[in-house]
Amino acid sequence: MKSLTLLPVGYPLRAKSEDISPFLTTDDPTLFQHYARSQWTGLIVKEGDFLFDSLLFPDYAFRAIIVKPNESQISKNTEIVLFSEETPDPPITQSQELVQLSDIIGQEQAKEKCQVIAKFLKNPDLVQSVWAPRNILFWGPPGNGKTMMARALSQTTSYTMFLIKASDLLGVYAGDGARKIKNLYVEARKKAPAIVFIDELDSIALKRSYQSIRGDVIELVNALLGEMDGVEKNQGVVTIGSTNQPKILDSAILSRFEELIEFKLPNAEERKKILEKYASTSPIQFNAVQWNFIVQETQKWSARDLKEKIIKNAIHNAILQENSQISLADIKIIMRKTTTLKESLPHYS
Ligand SMILES: Nc1ncnc2c1ncn2[C@@H]1O[C@H](COP(=O)(O)OP(=O)(O)OP(=O)(O)O)[C@@H](O)[C@H]1O
Ligand SMILES: [Mg+2]
């Protein structure tokens with residue numbers, strides 16, 4: 001075997017009450033390589049296999065995550081690497097998209113909260129105080145600016161923002177998710193003041209009864225609870241979660257959020273502003289469209305619906321038809337098509 005990367009996974013077999021296992025690390029990769037070769041030379045390993053320590057930490061498990069070539073024998077020359085806890089995981093990304101708070105139409109309560117968060121994060125004394133915002137939940141129906149608000153918040157350069165999708169935290173291996181949460185907060189604390197934005201939180205932090213479907217989700221939720229409580233020193237890190245369905249969230253997670261901010265469907269005035277805003281950036285001109293008519297017909301439509309289903313489709317249609325302008329009649333046709341599609345979908349609301 002040429003090379004082998006090992007992920008420390010702890011004690012996969014343990015008594016129920018025992019704590020999640022420590023994450024093993026080394027300051028001396030060469031020494032670890034000697035140590036690993038001394039006990040596993042001769043073993044044939046393929047990706048996904050577990051290797052159990054029999055020397056210093058009896059039964060501590062490592063998972064072979066990269067084996068080159070796959071399914072080969074460990075020799076005295078195999079390069080053996082311990083996957084490092086310091087290695088940041090790919091989903092921990094900093095937002096690049098340019099959106100300002102002023103681009104968001106409506107959602108005034110959320111905007112005000114974001115201004116408060118930004119003020120705290122810009123002031124080193126304030127951010128250390130017990131009054132600093134800590135855990136905030138954005139909730140509401142899809143497409144009304146939760147993720148957009150997080151992006152806008154990340155545009156201020158005086159702090160770092162970690163934007164992650166909760167489903168990206170679920171790993172392939174047991175313990176992966178908990179480790180990713182830990183890494184995420186280690187990184188956030190290093191870069192404090194910082195915001196950790198966990199999008200689509202409901203995909204992991206489900207009620208306990210649902211969690212049993214995936215055992216590792218329980219570990220992940222426990223890791224997240226620990227970070228939200230700030231058992232470790234956590235000053236300067238604000239967590240913002242986002243979900244469509246707070247009702248299905250784990251009650252322990254839900255109770256950690258000091259504030260639940262609702263993102264509502266746009267009202268008539270906001271719908272008009274949204275339509276006008278996106279129409280104004282269209283490459284094809286909207287010709288004297290009476291937006292009031294469309295506003296009346298689009299109750300319960302989200303901002304995303306208005307942008308994507310009306311404005312975007314109207315532009316695509318005009319391009320296809322080689323029209324140089326878009327009229328109200330064109331939009332009516334598009335809306336009729338969209339509405340029919342909506343009605344034909346069983347659970348669309
Ligand atoms: N309040 C708003 N003002 C202007 N544009 C908006 C607004 N809300 C949403 N949009 C537009 O719709 C797009 C989708 O919105 P966003 O991704 O923020 O929704 P979300 O609330 O995070 O939805 P989901 O719950 O599905 O994740 C945005 O990128 C933006 O173009
Ligand atoms: Mg979103």
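None of the values given here were measured: they were computed from a predicted structure.

## A few points about the confidence of the model for the protein
- Summary statistics for the protein give a mean pLDDT of 83 and a share of 84% for residues scoring 70 or more.
- Looking at the elements of the protein, mean pLDDT is at its lowest for helix α7 (residues 208-211), recorded as 56, and at its highest for helix α10 (residues 268-280), recorded as 95.
- Predicted confidence for residues 87-95 stays below pLDDT 50, and this span has 22 contacts to residues more than four positions away or in other chains.

## Description of the environment of isoleucine 195
- Following the sequence through the fold, isoleucine 195 ends up in strand β9 (residues 194-199).
- Classification of isoleucine 195 by relative accessible area gives buried; the value is 0%.

## So, the environment of arginine 256
- By the secondary structure assignment, arginine 256 is in helix α9 (residues 251-256).
- Each C-alpha atom of the pair arginine 256 and asparagine 135 lies 6.7 Å from the other, and the pair is 121 residues apart in sequence.
- Setting aside chain neighbours within four positions, we find arginine 256 in contact with Asn135, Leu225, Met228 and Asp229.

## Notes on the packing of aromatic side chains
- Overall, the coordinates contain eight aromatic pairs when judged by the stated rule.
- Between phenylalanine 50 and phenylalanine 52 the ring centres are 6.3 Å apart and the planes differ by 35°, which places this aromatic pair in the tilted class.
- For phenylalanine 52, a relative accessible area of 39% corresponds to the partly exposed category.
- Members of the aromatic cluster, joined through ring pairs, are Phe32, Trp40, Phe57, Tyr60 and Phe62.
- The lysine or arginine in question, lysine 277, covers the ring of tyrosine 278, its NZ or CZ lying 5.3 Å from the ring centre.
- Looking at lysine 332, its charged tip hangs above the ring of phenylalanine 293, at a distance of 4.3 Å from the centre.

## As for the site of ligand 1
- Around ligand 1, the surrounding shell holds 15 residues, and the nearest of these are Gly143, Thr147, Asn244, Tyr278 and Lys307.
- Separating an oxygen atom of ligand 1 from a side-chain N or O atom of threonine 147 is a distance of 2.8 Å.
- Contact distances for ligand 1 include 2.9 Å between an oxygen atom and a backbone N or O atom of methionine 148.
- Computed on the free molecule, ligand 1 has an accessible area of 640 Å², of which 87% lies beneath the protein chains in the complex.
- Breaking the shell around ligand 1 down by element, the ones donating at least two residues are α4 (146-153) and α12 (303-321).
- When grouped by side-chain class, the residues that make up the shell around ligand 1 number six nonpolar, five polar and four charged.
- Looking at which domains feed residues into the shell around ligand 1, each of domain 2 (101-262) and domain 3 (268-344) supplies at least three.

## Brief notes about the sheet that holds strand β8 (residues 160-165)
- The parallel open sheet is built from five strands, whose spatial order is β8-β9-β10-β7-β11. In the strand order of this sheet, the two ends are held by β8 and β11 (259-262), each with one partner. Sheet twist, expressed as the mean angle between neighbouring strand axes with direction ignored, is 20°.
- With four bridges connecting them, strand β7 (residues 135-139) and β11 associate as parallel partners. Counted as the bridge partner of isoleucine 136 is glutamate 259 from β11.
- Lying over the sheet, helix α2 (residues 108-122) contacts β7, β9, β10 (237-243) and β11, oriented at roughly 135° with respect to β11.

## Focus: the side chain of threonine 243
- Looking at where threonine 243 falls in the secondary structure, it is placed in strand β10.
- A polar contact is formed between the side chain of threonine 243 and the side chain of aspartate 202, at a distance of 2.5 Å.
- When sequence neighbours within four positions are dropped, the list of residues in contact with threonine 243 reads Leu137, Phe138, Trp139, Gly140, Lys146, Asp202 and Leu249.

## Examining the environment of isoleucine 65
- Among the structural elements, isoleucine 65 can be located in strand β4 (residues 61-68).
- Relative accessible area serves as the criterion here: at 17%, isoleucine 65 is assigned to the buried category.
- Expressed as a C-alpha distance, the spacing of isoleucine 65 and proline 8, which sit 57 residues apart in the sequence, is 10.0 Å.

Definitions and limits used
- Residues numbered from 1 in each chain as written.
- Chains lettered and ligands numbered in written order.
- Predicted model: local features only at pLDDT ≥ 70, side-chain atom pairs only at ≥ 80, totals over all residues.
- Heavy atoms only, no water.
- pLDDT = per-residue confidence, 0-100.
- Helix = DSSP H or I, 4+ residues; strand = E, 2+ residues; numbered from the N terminus.
- Contact = heavy atoms within 4.5 Å.
- Buried < 20%, exposed > 50% of the residue type's maximum accessible area, 1.4 Å probe, protein only.
- Phe/Tyr/Trp six-rings, centres within 6.5 Å; stacked < 30°, edge-to-face > 60°.
- Lys NZ or Arg CZ within 6 Å of the ring centre and 35° of its normal.
- Near = heavy atom within 4 Å.
- Polar contact = N/O pair within 3.5 Å; in protein donor to acceptor, adjacent residues only side chain to side chain.
- Areas by Shrake-Rupley, 256 points an atom, 1.4 Å probe, with all protein chains shown as cover.
- Nonpolar A, V, L, I, M, F, W, Y, C, P; charged D, E, K, R; others polar.
- Domains from an automatic or database assignment.
- Pairing = 2+ DSSP bridges.
- Axes fitted to C-alpha atoms, helices over the stretch in contact; angles between N-to-C directions.

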